[in-house]
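Fold and contact review
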Amino acid sequence: MMAERFGNDELPADLAARWRADAISKSDRPEEFWVGQRMRIRGRVQRNASPSPRSLRFAIASAALIFLAVFLIAPAGPLPPEPAQHAVFDADQQLLLAVEHALAVGTPEALEPVTLLEASSNSDVETIPQKEHHHEN
Amino acid sequence: MSLSLPALATQTQECPRAIIAEDFEEIVCLYQRKVYRVLLLLLKDPEDADNLTQECFLRAYTSMKSFRGECNVQTWLIRIAVNLVRDHARNRRTGFWKRLLRFEDQCAADIDPEPLAIVASPERGLLAREELDAVWRAVGSLSARQKEVFILRFAEEMELKEIAEALDLRIGTVKTQLFRALNHVREQVRR
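Residues numbered from 1 in each chain as written. Chains lettered and ligands numbered in written order. Predicted model: local features only at pLDDT ≥ 70, side-chain atom pairs only at ≥ 80, totals over all residues.

1. Describing the interface of chain B and chain A
We apply this condition: C-beta atoms are placed from the backbone for every residue, and two residues are taken to be in contact when these atoms lie within 7 Å. Helix numbers and strand numbers start at the N terminus; a helix is a DSSP run of H or I with at least 4 residues, a strand a run of E with at least 2. Each residue receives one of three labels: charged for Asp, Glu, Lys and Arg, nonpolar for Ala, Val, Leu, Ile, Met, Phe, Trp, Tyr, Cys and Pro, and polar for the others, Gly being one of them.
With 32 residues of chain B at the interface, the matching set in chain A holds 27 residues. Mapped by element, the contributors of at least two residues to the side of chain B that touches chain A are helix 2 (24–43), helix 3 (46–62), helix 6 (122–140) and helix 9 (171–190) of chain B. If one sorts the elements of the side of chain B that touches chain A by residue count, helix 2 of chain B sits on top with eight residues. Residue composition of the side of chain B that touches chain A, grouped by class: 19 nonpolar, four polar and nine charged.

2. Concerning helix 2 (residues 31–49) of chain A
In plain terms, the rule: Every helix has an expected span of 1.5 Å times one less than the residues it contains. Remark: C-beta atoms are placed from the backbone, and a residue is labelled buried if 20 or more other C-beta atoms sit within 10 Å of its own, exposed if 12 or fewer do, or partly exposed between those counts. Starting at the helix axis, one direction is taken to each C-beta atom, and the arc is that of these directions.
Taking 1.5 Å per residue as the helical rise, helix 2 of chain A with its 19 residues ought to reach 27 Å, and the 27 Å between its terminal C-alpha atoms agrees with that figure. The set of residues buried in helix 2 of chain A consists of Gln37(A), Ile41(A) and Val45(A). In an axial view of helix 2 of chain A, the angular spread of the buried residues amounts to 75°, which keeps them on one side of the axis. Summarising the geometry of helix 2 of chain A, the exposed residues directed more than 90 degrees from the buried face are Glu32(A), Val35(A), Met39(A), Gly43(A) and Gln46(A). Of the surrounding elements, those touching the buried residues of helix 2 of chain A are helix 2 and helix 3 of chain B.

3. Looking at the confidence of the model for chain B
All names here are of chain B. So the rule is basically this: For every residue, the pLDDT score states the predictor's confidence, bounded by 0 at the bottom and 100 at the top.
When pLDDT is averaged across chain B, the result is 80; 74% of the residues are at 70 or more. Between residues 1–6, whose pLDDT stays under 50, and residues either more than four places distant or in other chains, the model counts 11 contacts. If you check the scores for this complex, the pTM reads 0.61 and the ipTM reads 0.73.

4. Details of the confidence of the model for chain A
Interpreting fine coordinate detail is not advised for predicted regions of low pLDDT. For chain A, the average pLDDT comes to 75, and 58% of its residues sit at 70 or higher. Looking at the elements of chain A, mean pLDDT is at its lowest for helix 6 (residues 127–136) of chain A, recorded as 53, and at its highest for helix 1 (residues 13–26) of chain A, recorded as 92.

Structure (structure tokens):
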């Protein structure tokens, strides 16, 4: 019976009508429900339109907390001289003194100009064979 | 420009108008039942349908200024509602079967015999009820897209063009989805 009533591309009109009526009856609610729903919608719209007092309170509390933290952490008077800076100064001073001392003593042999090095190496040439001879023995 | 109640009810594409805040109460009164019905049929959960109806009108309110009357108010609201259902389905996919079972139980309890009052004999009444139940079962097993199209077409009696606008689809796609949905329903009812 059911199959015969079906066309190819539509629901039978009476079945469609009954199904629609059934769907409407399933979603039927008492008037109080619709009134309550409208009130809830209105409430949500109003909350959405005005800034939330809860978030405002949270923002104020956060700002106060940050202010308090900064106030407590910040120093009350001028900063005392830092010993660490003294240590750095002393080390620098010592290094400068060491450099000055090294310059006063004279240039180390390894850092002498090339000409001096060459001169010293030429003077050593004559002594090298004697040294080699000495090693052969 | 404000819209009177009759103007809102009959607003079509021929007379597109923007909506202002003063219209909003009227819009809620006019369309809350329809929006709730679509949501209930799609979600199968009265509580979720109620929550999303509220959400739908809230979104409508916040996007009211961007509404330029490209479609009528009903289509605009149904579009918002369907998008909410899609988001909801994505968010709560795990609870789907639970809600489905709950709704089927409720459907069995909520059966309203009034639509069958026109049926003459008890035997025909029983057959008609079976037929109706078979349609409900078939609709319940449709894909999400097919269900949307089927419900908007047969529960809300919307035109194909309106369905296409509400679901953001082409009319050809709506026709295809409707054809497949009807085939599925037909096969299920014939069993």
